[in-house]
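Examining the three-dimensional arrangement
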Amino acid sequence: MGYCQMKERRQGDCARRIIMGFFVLVACGNAMAYDYFAEGMRLYKEGKPAEAAPMLHQASLLEGADPRVFSYLGMSYQQTGKYQDAISAFMRGASVPGTDRKWLFFLAGNVYSVQKLYKEAETMYARSIEVDTAFAPAYLGRANARVPLRLFAPAVEDYNAYLTLDPATWQGASIRQLIALLSDEAKRQAEEASRAEAQRVATEAEKAAQEERFKKLMDEVSASLQSVDAASTLSAGSEDILEYDEEGQLE
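Analysis parameters
Residues numbered from 1 in each chain as written. Predicted model: local features only at pLDDT ≥ 70, side-chain atom pairs only at ≥ 80, totals over all residues. Heavy atoms only, no water. pLDDT = per-residue confidence, 0-100. Contact = heavy atoms within 4.5 Å. Helix = DSSP H or I, 4+ residues; strand = E, 2+ residues; numbered from the N terminus. Buried < 20%, exposed > 50% of the residue type's maximum accessible area, 1.4 Å probe, protein only. Polar contact = N/O pair within 3.5 Å; in protein donor to acceptor, adjacent residues only side chain to side chain. Core = buried A, V, L, I, M, F, W, Y, C linked by side-chain atoms within 4.5 Å. Axes fitted to C-alpha atoms, helices over the stretch in contact; angles between N-to-C directions. Parallel < 35°, antiparallel > 145°, perpendicular 65-115°, else oblique. Left-handed = near helix turned anticlockwise from the far one by under 90°. Nonpolar A, V, L, I, M, F, W, Y, C, P; charged D, E, K, R; others polar. Phe/Tyr/Trp six-rings, centres within 6.5 Å; stacked < 30°, edge-to-face > 60°. Lys NZ or Arg CZ within 6 Å of the ring centre and 35° of its normal. Salt bridge = Lys/Arg side-chain N within 4 Å of Asp/Glu carboxyl O.

Let us now look at the confidence of the model for the protein. For the protein, mean pLDDT is 82; residues scoring 70 or higher make up 76% of the total. Confidence over residues 21–33 falls short of pLDDT 50; this stretch has 0 contacts with residues more than four positions distant or in other chains.

Written out as structure tokens, the structure reads:
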């Protein structure tokens, strides 16, 4: 093989190595640039929350992740019945700068409501309202959570707040009817509470009067016992003197 042929062969081998290296770099770059969030969102929108969750979880671990990832990750968990994982995702997102905290607390409240953990749900909705006092859905959620807790008057307040913030809601008629029912029940509760308080005060007053009567009685009994003891002592002394005098006369 001549010198020229050997040189051409070496150049060809070098070119092939460069091309192969280029494809390796492209492949690695594609792997590093894989968009977990986009893939997770695609699966979620296709109604595949179980498949979307791992993708969204990976996306949530990346620095500079899309702030929405925690909402969709939690909702994916919720739809697959992984309620604790859902709440963890929402709460983790609420601690990340740039996320919509009012929305994340609201979603956490929804998960608690689904589990009928209404006290916890009420707390999450309250935290959502603390972030944004004009966030209407949180008032509706908290009102719904307060009804089974028998907090009727506060529930009415929240329903009214919701209607004020969202007067055009399609649920307006139903909510107004519910407000009327709950207002009557809240009034009855207040009357029962008032009667119970009056009864408590009367019972305590009667108890105090009984204690006072008993104390007075015991004071009178104690005084009488002291009188009886004094009279007994005097009687005993008189008998001794009488006996002595009689004996003296006999002598």
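After presenting the structure, the write-up continues.
This brings us to the side chain of Thr-99. One can find Thr-99 in the loop between helix H5 (83–94) and helix H6 (101–114). Assessed through its relative accessible area of 11%, Thr-99 is described here as buried. One polar contact links the side chain of Thr-99 to the main-chain carbonyl oxygen of Gly-93, over a distance of 2.7 Å. Polar contacts involving the side chain of Thr-99 include one to the main-chain carbonyl oxygen of Val-96, which spans 2.9 Å.

The biggest cluster of nonpolar side chains holds 46 residues, and the ones touching the most others in it are Phe-90, Tyr-159, Tyr-162 and Ile-175. Looking at which element gives the most residues to this core, the answer is H6, with 7 residues. Apart from the residues within four sequence positions on either side, Phe-90 is in contact with Phe-70, Ser-71, Gly-74, Met-75, Leu-104, Leu-107, Ala-108 and Val-111.

As a further point, take the packing of helix H2 (residues 36–45) against helix H4 (residues 69–79). Following both chains from N to C, one finds H2 and H4 inclined at 40 degrees, their axes separated by 11 Å at the closest point. Considering their axes alone, H2 and H4 lie oblique with respect to each other. Pair H2 / H4 crosses with left-handed handedness. Of H4, the residues touching H2 (which contributes Phe-37, Met-41 and Tyr-44) are Val-69, Tyr-72, Met-75, Ser-76 and Gln-79. Split by residue class, the contact of H2 with H4 holds 6 nonpolar, 2 polar and no charged.

Below, the discussion takes up the packing of H2 against helix H3 (residues 49–61). Relative orientation of the contacting elements H2 and H3 amounts to 155 degrees, with a least axis distance of 8 Å. The orientation of H2 with respect to H3, classified from their angle, is roughly antiparallel. Note that H2 runs across H3; the crossing there is left-handed. The residues of H3 that touch H2, namely those facing Tyr-36, Phe-37, Glu-39, Gly-40, Met-41, Leu-43 and Tyr-44, are Glu-51, Ala-52, Met-55, Leu-56, Gln-58 and Ala-59. Looking at side-chain class alone, the contact of H2 with H3 contains 9 nonpolar, 2 polar and 2 charged residues.

A few words on the packing of aromatic side chains. Under the defined criterion, the tally for this structure stands at 5 aromatic pairs. Centre to centre, the rings of Tyr-44 and Tyr-72 are 5.3 Å apart; their planes meet at 75 degrees, and the pair counts as edge-to-face. On the criterion of sequence distance, the pair formed by Tyr-44 in helix H2 and Tyr-72 in helix H4 is long-range, its members being 28 residues apart. Centre to centre, the rings of Phe-106 and Tyr-125 are 5.8 Å apart; their planes meet at 50 degrees, and the pair counts as tilted. With Phe-106 in helix H6 and Tyr-125 in helix H7 (residues 118–131), this pair connects stretches of sequence that are 19 residues apart. One residue, Lys-102, lies across the ring of Phe-135, its end atom 5.5 Å from the ring centre.

Our next topic: the environment of Gln-115. Following the sequence through the fold, Gln-115 ends up in the loop between H6 and H7. In this structure, the C-alpha to C-alpha distance between Gln-115 and Tyr-83, residues 32 residues apart in sequence, is 8.3 Å. Other than its neighbours up to four places away in sequence, Gln-115 contacts Tyr-83 and Ile-87.

Here the focus is the pattern of salt bridges. Should the charged atoms of two oppositely charged side chains come close, the side chains can pair. In total, this model carries 12 salt bridges according to the counting rule given. With a shortest N-O distance of 2.5 Å, Arg-42 and Glu-39 are connected by a salt bridge. With Arg-42 and Glu-39 both in helix H2 and 3 residues apart, the pair spans about one turn of that helix. For Arg-42, a relative accessible area of 37% corresponds to the partly exposed category. With its nearest N and O atoms 3.3 Å apart, the salt bridge here joins Glu-206 to Arg-213.

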